[in-house]
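# Secondary and tertiary structure notes
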Amino acid sequence: NLKSKIRLKAMKFFKKILGEEWAELQKFNQLNQDERSIVFYAEDSSSFVHFEQIIYELTEKMECQICYVTSAKDDPILSNQNKRIRAFYIGLGTARITFFLELKAKILVMTMPDLETYQIKRSRVYPVHYVYVFHSINSTHRNYRKSAFDHFDSIFCVGRHQIEEIRATESVYNLNPKNLVEHGYGLLDKLQKNKSVKKTANNIKTKDGKKNILVAPSWGEKGLLETVGSDLVRILLDNKYHVIVRPHPMTIRKWPHIIEKIKQEFNDNLDFEMETNTNSFETLYSTYGLISDWSGIGIEYAFVCERPVLYIDVPQKTNNPYYNDITCKPLENSIRNLIGKIISPNELESIPKIIESTYENIEYFKTKIQKIQKQTIFNLEQSGIRGAQEIVKILHEKKTQSN
């Protein structure tokens, strides 16, 4: 009782003097080693969907205790009632930097790349095993920075393409080999499970019979919304489609004036919607057609809804200027014309005709997309089990080494 009172007073002190984030970090650090053997870190509230299947298997099936540390104040995990999940909010400031530098845990699982490259470092006080879980099906060497994955110990790969790219990167730059796991894609599994209750085919039009078109691009100075967004929306509305624009969070953050301009131009039209909650994927199930550019959501939509994607061929964003060092062709470059159609920005006026002709051939695309999905993704609908098994295996190996 005395220890509990002292601890409670300490918590109140930290919260009052240093803030909630430091109080939460102090609470986390007071756990014993077994209580924080497995730690998940979320940089934002959208991270959970990529962990969800693994966490379910660990806590519900294997009855493991885990910690979930988040930098998002609105992370739904903070209000969870699962006794096997201990959640902590550490924000984005100095408490987060300290959390990483002084972490004492056997395993840390995260979806944020660039470990050790910027502010976020490996622990300086404990041999933590770092696991990376992908938040995209895309390739590893053009869409991400050059050293994005170099400092992880294990990488849970979505498909064969990522394993080949990472092994090629290790060879070209003489890096130590990592533990590459044939994992799969948790978000895809979640969407597939939800699909069975959505009756997608009957839900792709509005009540007055207009077809739902989702515009969901990537981001960048030369991205779809940033360049031809207004023109595309206007053409779709003029041709009696119901249009939902789903901007990338980075577009909202870096170019808010573009989003505001589109809102002001079309908000009075009842067939226009702006969807900024990118944590929800409900819109995918009620979409007749998806228009994107280079975003990973195109592959997700094709695989889940088994419908083709229309890609506006704006210039591709390259985060790694040295990507040509790796001879593997990025998946996002090779898959677009297999699961949909690529359209020049100069052909926007033809978009309505292309939509109708493309979705007339839905059965052709459906069969093709099913085959490509099986060839591309590991462990369809089983990624959670595979990921949880690997984490328990790593934990067992670390305990054996310690003994």
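Treat the numbers as computed from the prediction; the structure is a model and nothing was measured.

## With respect to empty space enclosed by the protein
- Here the structure, examined in full by the defined rule, presents 2 cavities of 30 Å³ or more.
- The calculated volume of the largest cavity comes to roughly 120 Å³.
- Taken together, Thr140, His141, Arg145, Lys146, Phe149, Asp150, Ile166, Thr169, Tyr173, Lys178, Asn320 and Ile326 make up the lining of the largest cavity.
- Residue classes in the lining of the largest cavity are distributed as 4 nonpolar, 4 polar and 4 charged.
- Lining the second largest cavity, in full, are Asp293, Trp294, Ser295, Ile299, Tyr311, Glu332, Ile335 and Arg336.

## So, the nonpolar core
- Counting residues in each nonpolar core, the largest one holds 97 residues, and the members touching the most others are Phe99, Leu108, Leu236 and Phe303.
- Ranked by residues supplied to this core, first place goes to helix 7 (residues 224-238) with 8 residues.
- Core analysis: the next-biggest nonpolar cluster, separate from the first, contains 23 residues, Val109, Val131, Val133 and Ile394 among them.

## Some words on the environment of alanine 302
- Locating alanine 302 in the fold gives a position in helix 11 (residues 297-305).
- Put simply, alanine 302 and glutamine 370 are 68 residues apart on the chain and 9.0 Å apart in space, counted from C-alpha to C-alpha.
- Alanine 302 has contacts with Arg307, Val309, Ile339 and Ile369, leaving out every residue within four places of it along the chain.

## Here's the deal with the sheet that holds strand 7 (residues 179-182)
- Strands sit in the order 3-2-1-4-5-6-7 across an open sheet of 7 strands; the sheet is parallel. Every other strand in the sheet has two partners, leaving strand 3 (85-89) and strand 7 as the edge strands with one partner each. Across the sheet, the mean angle from the axis of one strand to that of its neighbour is 20 degrees, orientation sign disregarded.
- Direction of pairing for strand 1 (residues 38-42) relative to strand 4 (residues 107-110): parallel, over a ladder of 4 bridges. For isoleucine 38, the partnering residue across the bridge sits in strand 4 and is isoleucine 107.
- Against the sheet, helix 2 (residues 20-29) engages strand 1, strand 2 (66-70) and strand 3, with an angle of about 145 degrees to strand 3.

## A closer look at the pairing of strand 7
- Of the strand pairs in this sheet, strand 6 (residues 154-157) and strand 7 are connected by 4 bridges, and their pairing is parallel. Looking at the pairing, cysteine 157 lines up with glutamate 182 of strand 7.
- As a crossover connection, the stretch from strand 6 through helix 5 (residues 160-172) into strand 7 is right-handed.

## Regarding the side chain of lysine 211
- The topology assignment puts lysine 211 in the loop between helix 6 (186-195) and strand 8 (212-215).
- Within the structure, the side chain of lysine 211 is placed 2.7 Å from the side chain of glutamate 356, a separation counted as a polar contact.
- Discounting residues that sit within four places of it in the chain, lysine 211 has contacts with Ile204, Lys205, Tyr241, His242, Tyr288 and Glu356.

## A look at the side chain of serine 45
- One can find serine 45 in the loop between strand 1 and helix 3 (48-61).
- Setting aside chain neighbours within four positions, we find serine 45 in contact with Ala72, Asp74, Asp75, Pro76 and Asn279.

## Considering helix 7
- At serine 230, helix 7 shows its maximal kink, close to 40 degrees.
- By the burial criterion, the buried members of helix 7 are Leu224, Leu225, Glu226, Val228, Gly229, Ser230, Leu232, Val233, Ile235, Leu236 and Leu237.
- Two residues or fewer after helix 7 comes lysine 240, characterised by a positive phi angle close to 70 degrees.

## Let's talk about the pattern of salt bridges
- Under the criterion given, the structure shown has 21 salt bridges.
- One salt bridge connects aspartate 231 with arginine 234, and the closest N-O pair in it is separated by 2.5 Å. With aspartate 231 and arginine 234 both in helix 7 and 3 residues apart, this pair spans about one turn of that helix.
- On the basis of relative accessibility, which here comes to 34%, the residue aspartate 231 falls in the partly exposed class.

## Describing the packing of aromatic side chains
- Inspection of the entire model under this criterion finds 18 aromatic pairs.
- Ring pairs connect the aromatic residues Phe28, Tyr41, Phe88, Phe99 and Phe100, which therefore count as one cluster.
- The ring centre of phenylalanine 28 lies 5.8 Å from the NZ or CZ of arginine 36, which sits over that ring.
- When the ring centre of tryptophan 219 is taken as reference, the NZ or CZ atom of lysine 317 above it lies at 4.6 Å.

Here is what the cut-offs are and how they apply
- Residues numbered from 1 in each chain as written.
- Predicted model: local features only at pLDDT ≥ 70, side-chain atom pairs only at ≥ 80, totals over all residues.
- Heavy atoms only, no water.
- 1 Å grid on protein atoms, 1.4 Å probe; cavity = no way out; pocket = protein on both sides within 12 Å on 5 of 7 lines; lining within 4 Å.
- Points joined across faces, edges and corners; volume = space filled by probe spheres on them.
- Nonpolar A, V, L, I, M, F, W, Y, C, P; charged D, E, K, R; others polar.
- Core = buried A, V, L, I, M, F, W, Y, C linked by side-chain atoms within 4.5 Å.
- Buried < 20%, exposed > 50% of the residue type's maximum accessible area, 1.4 Å probe, protein only.
- Helix = DSSP H or I, 4+ residues; strand = E, 2+ residues; numbered from the N terminus.
- Contact = heavy atoms within 4.5 Å.
- Pairing = 2+ DSSP bridges.
- Axes fitted to C-alpha atoms, helices over the stretch in contact; angles between N-to-C directions.
- Right-handed = clockwise from strand over helix to strand, strands pointing away.
- Polar contact = N/O pair within 3.5 Å; in protein donor to acceptor, adjacent residues only side chain to side chain.
- Bend = angle between axes of the 7 residues up to and from the residue.
- Salt bridge = Lys/Arg side-chain N within 4 Å of Asp/Glu carboxyl O.
- Phe/Tyr/Trp six-rings, centres within 6.5 Å; stacked < 30°, edge-to-face > 60°.
- Lys NZ or Arg CZ within 6 Å of the ring centre and 35° of its normal.

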